[in-house]
Amino acid sequence: MLSSVAQIGNYLIKKEEKDLNNPLSILVENPNVKGNYKYILKIAFDYNTLEYLGVYIDEFDKSNMLKLMYKAGASNGADFSPTSKITEPEKTLKNKIIKAVSETKKYEKCKNSEFLKKLEKSLKDNEDRILKDIVNKKEKDGTILTITFKDGETEYFVGDIEEFRSYFIYKATRDYYYIKTGNIHSKGSGVCSICGEDNEEVYGLFRKFGFYTVDKVGNVSGFNPNEAWKTFPICLKCALAVEEGKKYLDENLRGRFYGTEFYMIPKVLFEKDVEKILNRYNDLTKNNYFTINLIMDKTNGIKQGSKLKYKGFTLGSVENIIFDQNITAIIKINRKYRYLFGKDSK
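Residues numbered from 1 in each chain as written. Predicted model: local features only at pLDDT ≥ 70, side-chain atom pairs only at ≥ 80, totals over all residues. Heavy atoms only, no water.

A. How the structure looks around the overall build of the chain. Helix and strand counts for the chain come out as ten helices and 14 strands. When each of the 346 residues of the chain is scored for burial, the buried share is 48%. For the chain, the proportion of contacts with a sequence separation of at least 24, taken over those separated by at least 6, is 62%. Looking at the chain as shown, the accessible area adds up to about 18,600 Å², and 45% of this sits on carbon and sulfur atoms. (Helix = DSSP H or I, 4+ residues; strand = E, 2+ residues; numbered from the N terminus. Buried < 20%, exposed > 50% of the residue type's maximum accessible area, 1.4 Å probe, protein only. Contact = heavy atoms within 4.5 Å. Areas by Shrake-Rupley, 256 points an atom, 1.4 Å probe, with all protein chains shown as cover.)

Next comes the structure, spelled out in structure tokens:
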């Protein structure tokens, strides 16, 4: 399955002229992916003195995604950069923006940065003023909060600052090989399980999808979580390709079935057909053949006769449920959508 996701990711990387050697172009997320975060509040500082200049509002522009450099972090912690979605203004400013700057300052490669030290001090010294300005400027619609720096007529975003870029890449890829609980480090040299190529460095803790875990002793090679890279080795480029493929799935090929989210993942035999199959699938107009993995870990009320719906289309209904290891739903596909699942689908 991950090979299919990586295949989609590699296609998109080439199509959008992204660079596997520039991880930021792939790791950055769209904060307005659902279209409900239309505005940006920019906490502006003087680039040279880091004096607080005020809060300014602007409309979200997808072309600035690399400059905004957004990626969601833990709900109770900072995001990957000082760019966040506003929930409650005070909490977002303190626990997301200021905390992200403080975490970046503690990073080994940034701990001597005078720029970050001055920025953190200016944020804390002006916290009350900034909060008041945010509350006064915030729109009712979803709003993104970020930091910008002005140098005359030039405006710099967090994605233009080397310290933030460096820490972002470190934090975004650290989960591929490190788990804080238990202090688990898992990386080594070997053959990537997706591309099949020999790499100087492969990671063993890539968990972009929730079905892979190393928290049980018998799940990993040699009963040692640090050896997980021998069980499921993945190289950086394939990990980034899966990241990019999953973003496409989230935006285009994700549905909900009786409270359970699922992905519909095309398994394409020939790389040259990826674009054609994705276009045909999204349009629901032309024939093509691929397999579908419907993964569930609970029934959530699914029963015989339940409808499988995706983006308003009723694709089929449940004829039977097999309570095996993964809980398998036997779906009877509506005739007009049968081509989506392959010529032998019933």
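B. Just helix α1 (residues 2-15), in detail. For α1, spanning 14 residues, the distance from its first C-alpha to its last is 20 Å, which sits close to the expected 20 Å at 1.5 Å a residue. The element α1 is largely enclosed, with a buried count of ten among its 14 residues. Among all positions of α1, only Leu-2, Ser-4, Val-5, Ala-6, Gln-7, Ile-8, Gly-9, Tyr-11, Leu-12 and Ile-13 are buried. Taken from the residues just after α1, Glu-17 is the one with a positive phi, measuring 55°. (Expected span 1.5 Å × (residues − 1).)

C. Summary view of the nonpolar core. By size, the foremost hydrophobic cluster in this structure holds 82 residues, and its most contacted members are Ile-43, Phe-45, Leu-119, Ile-130, Ile-134, Phe-149 and Phe-164. Setting aside residues up to four positions removed in sequence, Ile-43 forms contacts with Tyr-52, Gly-54, Val-55, Leu-93, Ile-97, Ile-130, Ile-134, Leu-145, Thr-146, Ile-147 and Thr-148. (Core = buried A, V, L, I, M, F, W, Y, C linked by side-chain atoms within 4.5 Å.)

D. Structural context of the packing of helix α4 (residues 89-106) against helix α7 (residues 162-174). Taken N-terminus to C-terminus, the directions of α4 and α7 make an angle of 85°; their axes are 10 Å apart at the nearest point. Judged by the inter-axis angle, α4 sits roughly perpendicular to α7. Contact residues: Val-101, Glu-103 and Thr-104 in α4; Glu-163, Phe-164, Tyr-167 and Lys-171 in α7. Split by residue class, the contact of α4 with α7 holds three nonpolar, one polar and three charged. (Axes fitted to C-alpha atoms, helices over the stretch in contact; angles between N-to-C directions. Parallel < 35°, antiparallel > 145°, perpendicular 65-115°, else oblique. Nonpolar A, V, L, I, M, F, W, Y, C, P; charged D, E, K, R; others polar.)

E. Representation of the packing of aromatic side chains. Under the counting rule described, the total for this entry stands at twelve aromatic pairs. On the numbers, 4.8 Å between centres and 40° between planes, the contact of Tyr-47 with Tyr-156 is tilted. Of the two residues, Tyr-47 sits in the loop between β1 (37-46) and β2 (52-59) while Tyr-156 sits in strand β5 (residues 154-157), which places them 109 residues apart along the sequence. For Tyr-47, a relative accessible area of 30% translates into the label partly exposed. The exposure class assigned to Tyr-156 is partly exposed, which follows from its relative accessible area of 26%. A connected cluster of aromatic rings, assembled from ring pairs, spans Phe-45, Tyr-47, Tyr-52, Phe-115, Phe-149 and Tyr-156. The ring of Tyr-56 has Lys-150 sitting right over it, with the charged end atom 4.0 Å from the ring centre. (Phe/Tyr/Trp six-rings, centres within 6.5 Å; stacked < 30°, edge-to-face > 60°. Lys NZ or Arg CZ within 6 Å of the ring centre and 35° of its normal.)

F. Spatial organisation of the pairing of strand β9 (residues 198-203). The pairing of strand β8 (residues 187-191) with β9 spans four bridges and is antiparallel. By the bridge assignment, Val-191 is partnered in β9 with Asp-198. In this structure, the hairpin formed by β8 and β9 is closed by a connection of six residues, where Gly-196 is found at a positive phi of approximately 75°. (Pairing = 2+ DSSP bridges.)

G. Looking closely at helix α6 (residues 127-137). Listed in full, the buried residues belonging to α6 are Glu-127, Ile-130, Leu-131 and Ile-134. Down the axis of α6, the buried set is contained in an arc of 100°. They therefore lie on one face. Residues of α6 that are exposed and point more than 90 degrees away from the buried face comprise Asp-128, Lys-132 and Asn-136. (Arc of directions from axis to C-beta.)

H. Focus on the environment of Asp-79. Relative to the elements of secondary structure, Asp-79 occurs in the loop between α3 (65-68) and β3 (84-85). Residues Asp-79 and Phe-168 lie 89 residues apart in sequence; the distance between their C-alpha atoms is 9.4 Å. Not counting residues up to four positions away in its chain, the partners in contact with Asp-79 are Tyr-70, Lys-71, Ala-72, Gly-73, Ser-84, Lys-96, Ala-100 and Lys-171. Within the structure, Asp-79 has its side chain in polar contact with the side chain of Lys-96 (distance 3.4 Å). (Polar contact = N/O pair within 3.5 Å; in protein donor to acceptor, adjacent residues only side chain to side chain.)

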